Amino acid sequence: MKHWLRSIDPSVLAMAGMRMLSALVELSAALLMLAFNDVKKALAINAALAVVGPTVMIVTMAIGLLSLADELSFSRLGLVALGVAIILFAIYK
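What counts as what
Residues numbered from 1 in each chain as written. Predicted model: local features only at pLDDT ≥ 70, side-chain atom pairs only at ≥ 80, totals over all residues. Heavy atoms only, no water. Helix = DSSP H or I, 4+ residues; strand = E, 2+ residues; numbered from the N terminus. Expected span 1.5 Å × (residues − 1). Buried < 20%, exposed > 50% of the residue type's maximum accessible area, 1.4 Å probe, protein only. Arc of directions from axis to C-beta. Patch = residues over 30% accessible without salt bridge, like charges linked within 9 Å, V, L, I, M, F, W, Y side chains within 5 Å. Areas by Shrake-Rupley, 256 points an atom, 1.4 Å probe, with all protein chains shown as cover. Salt bridge = Lys/Arg side-chain N within 4 Å of Asp/Glu carboxyl O. Axes fitted to C-alpha atoms, helices over the stretch in contact; angles between N-to-C directions. Parallel < 35°, antiparallel > 145°, perpendicular 65-115°, else oblique. Nonpolar A, V, L, I, M, F, W, Y, C, P; charged D, E, K, R; others polar. Contact = heavy atoms within 4.5 Å. pLDDT = per-residue confidence, 0-100. Polar contact = N/O pair within 3.5 Å; in protein donor to acceptor, adjacent residues only side chain to side chain.

Engineer: Would you mind showing me how to read helix H4 (residues 74-92) here?
Structural biologist: Note: α-helices contain 3.6 residues per turn, so residues at a spacing of three or four share the same orientation. For H4, built from 19 residues, the straight-helix expectation of 27 Å at 1.5 Å per residue is met to within 8% by its first-to-last C-alpha distance of 27 Å. Restricting attention to buried positions, one finds in H4 the residues Leu77, Val84 and Leu88. Seen along its axis, H4 keeps its buried residues to an arc of 40 degrees; they face one direction. Opposite its buried face, H4 presents the exposed residues Ser75, Arg76, Leu79, Ile86, Phe89 and Ala90, each directed more than 90 degrees away.

In structure tokens:
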């Protein structure tokens, strides 16, 4: 098991860890909704999740981009940043 973990790229491990953390937050929110059994509280929990999703996406993308920064040209990094900005604009507009 230890040999397998050493062979994983640290950036990939960090990105996967962020996604696992996000999944844990989502599952916890779902369980809280069921526990409270109230539509108003469920909507409040869902609103809080609207912040978690994009934040995890931005952090995960940043980890990946920092790992690839030496391999990509500035124009390609700019295009990726523009794509992320468009996604965030679409989410919040």
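Engineer: It is not clear to me how a nonpolar patch on the surface should be interpreted in this structure. Could you clarify?
Structural biologist: On the surface, Trp4, Leu5 and Leu13 cluster together into a nonpolar patch covering about 310 Å² of accessible area. For Trp4, the location among the structural elements is in helix H1 (residues 2-6).

Engineer: Sorry, what's going on with the packing of helix H2 (residues 10-36) against helix H3 (residues 39-68) here?
Structural biologist: Two packed helices can be described by the angle between their axes and the distance between those axes. Contact geometry of H2 with H3 gives a least axis separation of 9 Å together with a crossing angle of 175 degrees. By the angle class used here, H2 and H3 are roughly antiparallel. Of the residues in the contact of H2 with H3, the class split is 16 nonpolar, six polar and three charged.

Engineer: I would appreciate a short explanation of the packing of H3 against H4 in the present structure.
Structural biologist: Contact pair H3 / H4: the axes reach a minimum separation of 12 Å and the direction vectors enclose 175 degrees. Considering the angle they form, H3 stands roughly antiparallel to H4. Only Leu77, Val80, Val84, Ile87, Leu88, Ile91 and Tyr92 of H4 make contact with H3, whose side of the interface consists of Ala50, Pro54, Met57, Ile58, Met61 and Leu65.

Engineer: How do you make sense of the confidence of the model for the protein chain when you look at a structure like this?
Structural biologist: Caution is warranted with low-pLDDT regions, since their predicted coordinates should not be read in detail. Taken over all residues, the pLDDT of the protein chain has a mean of 88, while the share at 70 or more is 98%. Per-element averaging of pLDDT across the protein chain places H1 at the bottom with 74 and H2 at the top with 95.

Engineer: What am I meant to see in H3 here?
Structural biologist: Counted at 1.5 Å a residue, the expected span for H3 with its 30 residues is 44 Å, and the 44 Å between its end C-alpha atoms agrees. By the burial criterion, the buried members of H3 are Ala42, Ile45, Leu49, Pro54, Val56, Met57, Thr60 and Gly64.

Engineer: What is the right way to look at the side chain of Thr60 in this model?
Structural biologist: Its location among the elements puts Thr60 in helix H3. A polar atom in the side chain of Thr60 sits 2.7 Å from the backbone oxygen of Val56. With residues near it in sequence (within four places) discarded, Thr60 still touches Met15, Met18 and Arg19.

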